[in-house]
Amino acid sequence: MLAAGCAAERTRPAARASVAIEDAPAWRNTIASEDEGRLAALPAALQGLAARLPARVRTAQGALLDPQAGLDYPALPPGAYRCRTLRLRAGGRATILRTTPADFCNVSGAPDGLAYARQTGAEPAAGYFYPDGRRYIFLGARQARAGDNSIGYQHDRKRDLVGVVERVGGFRWRIAVPGTSAGAVDIVELTPVPPEQQPRG
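Residues numbered from 1 in each chain as written. Predicted model: local features only at pLDDT ≥ 70, side-chain atom pairs only at ≥ 80, totals over all residues. Heavy atoms only, no water.

Draft legend 1. Inspection of the overall build of the protein at higher detail. When helices and strands are counted, the protein shows three helices and nine strands. Counting from the amino terminus, helix and strand elements in the protein follow one another as α-α-α-β-β-β-β-β-β-β-β-β. The burial tally for the protein puts 40% of its 201 residues in the buried class. Long-range pairs, those at least 24 residues apart, make up 51% of the contacts in the protein between residues at least 6 apart in sequence. With an accessible surface of roughly 11,700 Å², the protein has 53% of that area assigned to carbon and sulfur atoms. (Helix = DSSP H or I, 4+ residues; strand = E, 2+ residues; numbered from the N terminus. Buried < 20%, exposed > 50% of the residue type's maximum accessible area, 1.4 Å probe, protein only. Contact = heavy atoms within 4.5 Å. Areas by Shrake-Rupley, 256 points an atom, 1.4 Å probe, with all protein chains shown as cover.)

Now the structure itself:
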């Protein structure tokens, strides 16, 4: 009986440690491999460009140009937003900063995150914000006309847009997007407006 007990002890299955496996963020299943590198390079590009701006300009724009300004609770409430773009380009020893007039954008709920569309202005864009911790990842495309959202990410690589969405203040968000030239960065500032003030149509 003692020998049988020892045999049973030797053949008892070893306990297995349970390991929780987290699912990869949804955006990783969609993004093109070359765009992952563009996203990874964004913080350094923004920091380098912003550092070359005059102090008074950085002060005026505040957290929009600070690579470390991202705050907790990044979710954007669905609704209407004003969106203006700040373009940062390297020009000789300085950074060239251009600002476009504010347009209207819309944010709405979507299965994997939030849908985004720039509804007015000369540079319409649409896509999705995918949650990723303290930020969202933007995958979208330039549209053919304002208010359109028929062109999706990776339908036409020349139109594709990728970026990082962060909350940088009370009711203030930014989308940082790699610019069209090497090392350039576009910053889209989003601030909510009452829906009744959004243009109709």
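Further notes follow.
Draft legend 2. Up close: the pattern of salt bridges. Applying the stated criterion to the full structure yields 16 salt bridges. A salt bridge links Arg 172 to Glu 189; the shortest N-O distance between them is 2.7 Å. Of this pair, Arg 172 sits in strand β8 (residues 172-178) while Glu 189 sits in strand β9 (residues 185-193), placing them 17 residues apart in sequence. According to the relative accessible area criterion, Glu 189 is buried, its value standing at 11%. (Salt bridge = Lys/Arg side-chain N within 4 Å of Asp/Glu carboxyl O.)

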